[in-house]
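# Commentary on secondary and tertiary structure
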Amino acid sequence: MISMKGINYRYPKSKNNVLKDISMSFDEDKVNVIAGLNGAGKTTLFDLITGVYPKQAGEFHNIPTMDEILYQIQGAFLSLMILGKDYARLVYKISGKKFKKGSPSSFIDLGDQRENELLEKLWWREIGQMSVGERRWLYVTLLSQLDRKMYLFDEPTSAIDPSSRLKICKRLERLTKEPGKTVIMSSHHLHELEFIACKLFVMNNGRITFQGSYHEFLATYDTTNPDIAFDHCINL
Ligand SMILES: Nc1ncnc2c1ncn2[C@@H]1O[C@H](COP(=O)(O)OP(=O)(O)OP(=O)(O)O)[C@@H](O)[C@H]1O
């Protein structure tokens, strides 16, 4: 199990720690979701886990090597002129997987007919002509085809509609069905977590203030509304 204990981090030239005594353990059979206000420290934590920043204090356990990690950062630049299939080719090339010309159906099966059809549709469309939700779904879907031990997705569901958010969450949940894979995402949206097996972490001001299942989260704050639970959690 990938875990960490007592992690602290301070940016050079900053006075205060941005991560404060963080201890977490990630489940392999669930999507691990980190929620928190803007600036809570989620991206910093991802950057530390993946080695973008050097570790300062605390212990990390069982973190895979760089080539076993997929890290989807926020706002990665891609030309809007390239087609879905060009992005797919790039992803496959990076991973050393065999890419075939023509229809994606000859070598990619997403295990869901509607999603296979969506992939076929986006395959031939320019990135710039896709909706934001379609684009994010395509990125997550193609990246999740790569065989890695750990996947980190930084806000893959931001700025998209509830239906597309759920599709992306379900895609990540599918990854957790494969043994030996740990999936971690950050998110500002909590409602769709009801529909996936997840472990939720709430980060506030550099500290983990909750970790447990979605249902434990609601029960802790005695509500059925995750946004109200979140509000209580960060204001305690
Ligand atoms: N390079 C940096 N140098 C100094 N401070 C930084 C740096 N990068 C981020 N910070 C600060 O660290 C804190 C945490 O930022 P971080 O990007 O990790 O938050 P986040 O939880 O991912 O936010 P968001 O939800 O907005 O993406 C913020 O106060 C931010 O201003």
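Presented here is a report on the structure given in the accompanying data block. Not measured: the values here are computed from a predicted model. (Residues numbered from 1 in each chain as written. Predicted model: local features only at pLDDT ≥ 70, side-chain atom pairs only at ≥ 80, totals over all residues. Heavy atoms only, no water.)

Between helix H3 (residues 113-123) and helix H4 (residues 132-143), the least distance of the axes is 11 Å, while the angle of their chain directions is 110°. The angle between H3 and H4 falls in the class roughly perpendicular. In this structure, H3 uses Glu115, Leu118, Leu119, Lys121, Leu122 and Trp123 to contact H4, whose residues at the interface are Glu134, Trp137, Leu138 and Leu142. Across the contact of H3 with H4, the residue classes break down as 7 nonpolar, no polar and 3 charged. (Axes fitted to C-alpha atoms, helices over the stretch in contact; angles between N-to-C directions. Helix = DSSP H or I, 4+ residues; strand = E, 2+ residues; numbered from the N terminus. Parallel < 35°, antiparallel > 145°, perpendicular 65-115°, else oblique. Contact = heavy atoms within 4.5 Å. Nonpolar A, V, L, I, M, F, W, Y, C, P; charged D, E, K, R; others polar.)

Moving on to helix H2 (residues 84-95). Helix length check: H2 (12 residues) gives 17 Å between terminal C-alpha atoms against 16 Å at 1.5 Å per residue, within 8%. Within the sequence span of H2, burial applies to Gly84, Lys85, Tyr87, Ala88, Val91 and Tyr92. In an axial view of H2, the angular spread of the buried residues amounts to 155°, which keeps them on one side of the axis. For H2, the exposed residues lying more than 90 degrees away from the buried face are Lys93 and Ile94. The inward-facing, buried residues of H2 abut H3 and H4. Taken from the residues just after H2, Gly96 is the one with a positive phi, measuring 75°. (Expected span 1.5 Å × (residues − 1). Buried < 20%, exposed > 50% of the residue type's maximum accessible area, 1.4 Å probe, protein only. Arc of directions from axis to C-beta.)

Attention now goes to the pairing of strand S8 (residues 198-204). The element S8 is extensively covered by neighbouring structure, given that 7 of its 7 residues are classed as buried. Where burial is concerned, the two faces of S8 agree: the one with Cys198, Leu200, Val202 and Asn204 and the one with Lys199, Phe201 and Met203 are both buried. Where strand S3 (residues 31-36) lies against S8, 6 bridges are found, and the strand directions are parallel. Among the inter-strand pairings, Val33 is bridged to a residue of S8, identified as Leu200. The loop that links S8 with its antiparallel partner strand S9 (residues 207-213) comprises 2 residues; one of these, Asn205, has a positive phi angle of about 50°. (Pairing = 2+ DSSP bridges.)

Counted by the stated rule, this structure contains 0 disulfides. Sulfur of Cys198: no disulfide; nearest cysteine sulfur belongs to Cys169 and is 8.4 Å away. Relative accessible area serves as the criterion here: at 6%, Cys198 is assigned to the buried category. Cys233 takes part in no disulfide bond, and the closest cysteine sulfur, belonging to Cys198, lies 14 Å away. (Disulfide = S-S within 2.5 Å.)

Our next topic: the pattern of salt bridges. Counted under the stated rule, the structure contains 13 salt bridges. Across the pair Arg165 and Glu192 runs a salt bridge, and its minimum N-O distance is 2.8 Å. Taken as a pair, Arg165 in helix H5 (residues 162-175) and Glu192 in the loop between strand S7 (182-187) and S8 lie far apart in primary sequence, 27 residues in all. Its relative accessible area of 5% is what places Glu192 among the buried residues. Glu173 serves as the salt-bridge partner of Lys170, at 3.7 Å between the closest nitrogen and oxygen. Here Lys170 pairs with Glu173, and both are found in helix H5, just 3 residues apart, close to one helical turn. You can call Lys170 partly exposed: its relative accessible area is 35%. The exposure class of Glu173 is buried, given its relative accessible area of 12%. (Salt bridge = Lys/Arg side-chain N within 4 Å of Asp/Glu carboxyl O.)

Purely geometric numbers; function is a separate question.
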